[in-house]
Amino acid sequence: MSRRAVSPRRSAGEWGVRGVLAIVASLLGGLALTHAIAFTIRGTQPDQAYTLASNNAQIAALVAEKLSGSQGTITDRMRADRLALGALRNDASVVSAAATLGLNAQIRGDTHQAQQWLGYAERLSRRDIRTQLWMIEAAVGRNDIPGALRHYDIALRTSRTAADLLFPVLRSASANLAIRSALTRTLAAKPNWSEPFISQAASLGEDPKAVTALFEELARAGVDVPVRARALVITRLIEAGQVDPAWDYYATIRPNVTKTRSRDSRFAAQLADPTPFDWQPSGEDGITVVIQPNGRRSGLVDFSAPSGIGGLLMQQMQVLPAGRYVFEAHGIGIDQPVESRPYWTLTCLGGQEIGRASLPNSSNGGGSVRAIFEVPTNCRTQYLSLNAQPSDAVGGTTGQVDQISLRPESNERAS
């Protein structure tokens, strides 16, 4: 005989309790959902989030921060103060609320109260960008350069957006000797923002000469300035017409260079980021120039240009003093009629050609060429260039160069 389970009968009181619990659970679930929604939209819609969760300290602080922005009215700032104070009563660790109270106090001219609130905000956390910006301004007002840079460093270490705000200011300020020296000490500590700043200074610094001075100080302090940044600032100096400062800085990063002769006669350097004072391959369409290894301490230039195409193959900027110079070069694999042979030129910066020497066919005299170039007194900057002439050959113009030099004729006479 089977048994049937008998369910105990619940009293009306028990059913009432269960009903109340169900209602409470429903309310709590709805409240949790409301807070979850408020938390989700707090960043983009703080006002709506506050409507949903007015007792949330973080959300109240966000609304206060929004009200105290640059467009905030007196009424807005008064409401912001109330919200910020309420947020701190609910949670004394809300940094943005303390910062809002401090900045509003500063706008009212109450510097003492501003210092108190913002000092409190910084003790809570160094990650509030508004607090650090105020600390920077306060230090600048005291002419406290190390203090200002300390807060620059804090802001740049802790805020993803600080670089957009602070890098341009630092770039301009580095033209000042005292600031540059303090900035050098800061960068010598290798903060995580040092390399991005150095690279941006090279490309965007308003005064490339001041950037060069900063790079020189950094080098003396043992800071490794990226090769690309050094090459870029030299290029920018030249583009700004400051060839002498460009050469002076170049001479600090390329030991044993001299103004009286060309450099890297055997193409050993093979630089990824050459300066105009180094060999720079052409970027002209259709022309290919590759500087490649050719032994342990030398290289060679491999070039080609399509049939019917001529133009610059590569060049190196010179700062030769006026006088007579011996030019020598050696080519490999060149086989062209006279009118299509590659040739070297020495031209003044303005475009005036002062010397030309064609590379002979490699079967003629071993492919070597020698010439005398004379630099006039009114030509202080020159370009030594290898050029291709249009060729009717099916394969166009091809060849290699493994040696080139330009040196004073007086050296030959002395020897």
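Refer to the structure presented above.
As the structure is a prediction and not an experimental result, all values here were calculated from the model.

Asker: How would you explain the state of the cysteines if you had to name every residue and give the values?
Answerer: Within the structure shown, the criterion is met by 1 disulfide. Paired through a disulfide, C348 and C379 show a sulfur-sulfur distance of 2.2 Å. With the S-S bond torsion at -125°, the cross-link from C348 to C379 turns out left-handed. With C348 in strand β6 (residues 343–348) and C379 in the loop between β8 (368–375) and β9 (382–388), this residue pair connects regions lying 31 residues apart in the sequence.

Asker: How would you explain the sheet that holds strand β1 (residues 280–281) if you had to name every residue and give the values?
Answerer: Remark on secondary structure: sheet strands pair via backbone hydrogen bonds, oriented parallel or antiparallel. Spatially, 5 strands are ordered β1-β4-β9-β6-β7 in an open sheet, and the strand pairing comes out antiparallel. Here the strands that pair on one side only, and so sit at the sheet edges, are β1 and β7 (353–358).

Asker: With reference to specific residues and values, describe helix α9 (residues 162–173).
Answerer: For α9, with 12 residues, the first-to-last C-alpha span of 16 Å sits near the 16 Å given by 1.5 Å per residue. Regarding α9, the residues found buried are A162, L166, F167, L170 and R171. The buried residues of α9 occupy an angular sector of 140° when the element is viewed end-on, so they sit on one face.

Asker: Can you explain the sheet that holds β8? Please cite residues and give values.
Answerer: The sheet built from 5 strands is open, its strands ordered β2-β3-β10-β5-β8 with antiparallel pairing. Both edges of this open sheet fall to β2 (288–293) and β8, since each of them pairs with a single strand only. Within the sheet, the average angular offset between the axes of one strand and its neighbour, ignoring direction, is 30°. Bridging between strand β3 (residues 299–305) and strand β10 (residues 397–408) involves 5 bridges; their strand directions are antiparallel. Within β10, the position partnered with D302 by the bridge is Q400.

Asker: Report on the pairing of β10, specifying residues and quantitative values.
Answerer: Burial analysis of β10 places 10 of its 12 residues in the buried class, which makes it a mostly covered element. Looking at chain direction, strand β5 (residues 323–332) and β10 are connected through 8 bridges and run antiparallel. The residue of β10 that forms the bridge with V326 is R407.

Asker: Tell me what's going on with the environment of S358, and back it up with residues and numbers.
Answerer: Counting through the fold element by element, S358 comes out in strand β7. Spatially, the C-alpha atom of S358 lies 9.3 Å from that of N387, the residues being 29 residues apart in sequence. Non-local contacts of S358, meaning those with residues more than four positions away in its chain, are made with P342, Y343 and V369.

Asker: Just give me the short version of the packing of aromatic side chains, but keep the residues and values in it.
Answerer: To describe a pair of aromatic rings, one takes the distance between the centres and the angle between the planes. What the rule picks out here adds up to 11 aromatic pairs. Summarising the aromatic geometry, the rings of F167 and F197 are spaced 5.3 Å apart at their centres and angled 65° between planes, so their arrangement reads as edge-to-face. Of this pair, F167 sits in helix α9 while F197 sits in helix α11 (residues 194–204), placing them 30 residues apart in sequence. Pair check on accessibility: F167 and F197 agree, each one buried. Each ring, one from F267 and one from W279, has its centre 5.6 Å from the other, and the planes form 45°; the classification is tilted.

Analysis parameters
- Every chain begins its residue count from 1, and numbering advances along the sequence as written.
- Under the rules for a predicted model, residues below a pLDDT of 70 receive no local features and side-chain atom pairs below 80 are neither given nor counted, while totals for whole chains, interfaces and linings still include all residues.
- Only hydrogens and water are set aside when side-chain values are computed; all heavy atoms of the structure are taken into account.
- Disulfide assignment relies on a single distance test, namely cysteine sulfur atoms paired within 2.5 Å.
- Starting at the N terminus, helices and strands are each numbered in turn, a helix being any DSSP run of H or I of at least four residues and a strand any DSSP run of E of at least two.
- A pair of strands is labelled paired if DSSP reports no fewer than 2 bridges between them.
- To estimate how far a helix should extend, the number of its residues minus one is multiplied by 1.5 Å.
- Burial classes: relative accessible area under 20% of the type maximum marks a residue as buried, over 50% as exposed, and values in between as partly exposed (1.4 Å probe, protein chains only).
- Throughout, the arc means the angular range of directions from the helix axis out to the C-beta atoms.
- Axis lines are fitted to C-alpha atoms, over the contacting stretch for helices. Their N-to-C directions set the angle, which ranges from 0 to 180 degrees.
- In what follows, residue pairs with any heavy atoms lying within 4.5 Å of each other are defined as contacts.
- Any two of the Phe, Tyr and Trp rings considered here, Trp counted by its six-membered ring, make a pair once their centres fall within 6.5 Å; the pair's planes then place it as stacked at under 30 degrees, edge-to-face at over 60, or tilted in between.

None of this, on its own, says anything about what the molecule does.
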